[in-house]
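Residue-level structural notes
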Amino acid sequence: MKVLKWIIRYLEEIVLGLLLIVITCSIMSQVVMRYIFNASLPWPEEVSRYAMVMMCFMSIGFCIKYHSALKIDTIVMFLPIKMQALVTVVCNIIFMLLLAYLFYGGYQVTSDAFENTNLTPALGIKLGNIYTVALLSILLAIFRLLQVICTEIYELVTGTVKSHEKTIEDVI
């Protein structure tokens, strides 16, 4: 049970770290092959490209978990802390609806990709398998957003609101 909690808590960090290792090793193998053995491999660029795309999608959940998503909070800074928390909850719900819409569209694209026989050029992997990673990352982001929303609603109800936003006093 502790291992499962640890994995759930650090899933994004684990996957992002592994993908970074994959990118580093694949690019280094290509550098070694080109400059030492004077021959290039067909797959390292493709592996590193797909790993980079996977990192981008996995970072959505990572940013949500640590409240580090890009946002414009100039107007929110002027509100009291409880009102900031309420606005944040509403914005996060809207963001979750957007992610659900992206998941729906991504599911359609992924199912179409599995129906076709398109393969990646160097590795020969079905494109549907590559697209599935984006779907799983969006699901993980929705899960992380649900965690954040539940925590924020609990803090609002119990009156223990912690400001993740800066107030105007912090800025001045």
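Look up a bit, the structure's there.
Residues numbered from 1 in each chain as written. Predicted model: local features only at pLDDT ≥ 70, side-chain atom pairs only at ≥ 80, totals over all residues. Heavy atoms only, no water.

1. Side note on the overall build of the protein
Within the protein, the secondary structure is distributed over five helices and zero strands. Here the C-alpha atoms of the protein give a radius of gyration of 21 Å, more than 25% beyond the 16 Å that 2.2 N^0.38 yields for 172 residues. Counting only C-alpha atoms and orienting by the principal axes, one finds that the protein spans roughly 65 × 40 × 40 Å. Look at the contacts in the protein between residues 6 or more apart in sequence, and 71% of them connect residues 24 or more apart. Roughly 11400 Å² of accessible area belongs to the protein as shown, and the carbon and sulfur atoms make up 72% of that amount. Averaged over its 12 positive side-chain charges, the protein has a centre that lies 8 Å from the centre of its 12 negative ones. (Helix = DSSP H or I, 4+ residues; strand = E, 2+ residues; numbered from the N terminus. Rg over C-alpha atoms; globule rule 2.2 N^0.38 Å. Contact = heavy atoms within 4.5 Å. Areas by Shrake-Rupley, 256 points an atom, 1.4 Å probe, with all protein chains shown as cover. Lys, Arg positive; Asp, Glu negative; His and termini not counted. Charge placed at Lys NZ, Arg CZ, Asp CG, Glu CD.)

2. Brief notes about the pattern of salt bridges
Any two side chains of opposite charge can pair if their charged atoms end up close together. According to the stated counting rule, one finds four salt bridges in the structure shown. Two residues, E12 and R144, come together in a salt bridge whose shortest N-O distance is 2.7 Å. Remark: R144 occurs in helix α4 (residues 127-158) and E12 occurs in helix α1 (residues 2-35); sequence separation between them is 132 residues. Classification of R144 as buried rests on a relative accessible area of 3%. Where E13 meets K65, a salt bridge forms, and the shortest distance between an N and an O atom there is 3.0 Å. Of the two residues, E13 is situated in helix α1 and K65 in helix α2 (residues 44-65); the sequence distance between them amounts to 52 residues. Here K65 falls in the buried class, since its relative accessible area comes to 18%. Because the salt bridges share partners, they merge into one network encompassing E12, E13, K65 and R144. (Salt bridge = Lys/Arg side-chain N within 4 Å of Asp/Glu carboxyl O. Buried < 20%, exposed > 50% of the residue type's maximum accessible area, 1.4 Å probe, protein only.)

3. Observations concerning the state of the cysteines
Considering all chains together, one arrives at zero disulfides under this definition. Free of any disulfide, C25 has its nearest neighbouring cysteine sulfur in C56, separated by 19 Å. Overall, C25 belongs to the partly exposed group, its relative accessible area being 48%. (Disulfide = S-S within 2.5 Å.)

4. Points about the packing of aromatic side chains
By the definition in use, this model includes two aromatic pairs. Here W6 and Y10 contribute two aromatic rings whose centre-to-centre distance is 5.5 Å and whose plane-to-plane angle is 50 degrees, an arrangement assigned as tilted. With W6 and Y10 both in helix α1, this residue pair falls four residues apart, about one helical turn. (Phe/Tyr/Trp six-rings, centres within 6.5 Å; stacked < 30°, edge-to-face > 60°.)

5. Some remarks on α4
With 32 residues, α4 should cover 46 Å at 1.5 Å per step; its first-to-last C-alpha distance of 47 Å lies within 8% of that length. Just downstream of α4, G159 is the residue with a positive phi angle, here 80 degrees. (Expected span 1.5 Å × (residues − 1).)

6. Quick look at the layout of surface pockets
If you roll a probe as big as a water molecule over the atoms, it shows you where there is empty space left. Size it by volume and the second largest pocket reaches roughly 160 Å³. F57, L102, G106, A134 and I138 are, among the 13 residues lining the second largest pocket, the residues nearest its centre. Listed by contribution, the elements that provide at least two residues to the lining of the second largest pocket are α2, α3 (81-115) and α4. When residues of the lining of the second largest pocket are assigned to their parent elements, the largest contribution, seven residues, is made by α3. (1 Å grid on protein atoms, 1.4 Å probe; cavity = no way out; pocket = protein on both sides within 12 Å on 5 of 7 lines; lining within 4 Å. Points joined across faces, edges and corners; volume = space filled by probe spheres on them.)

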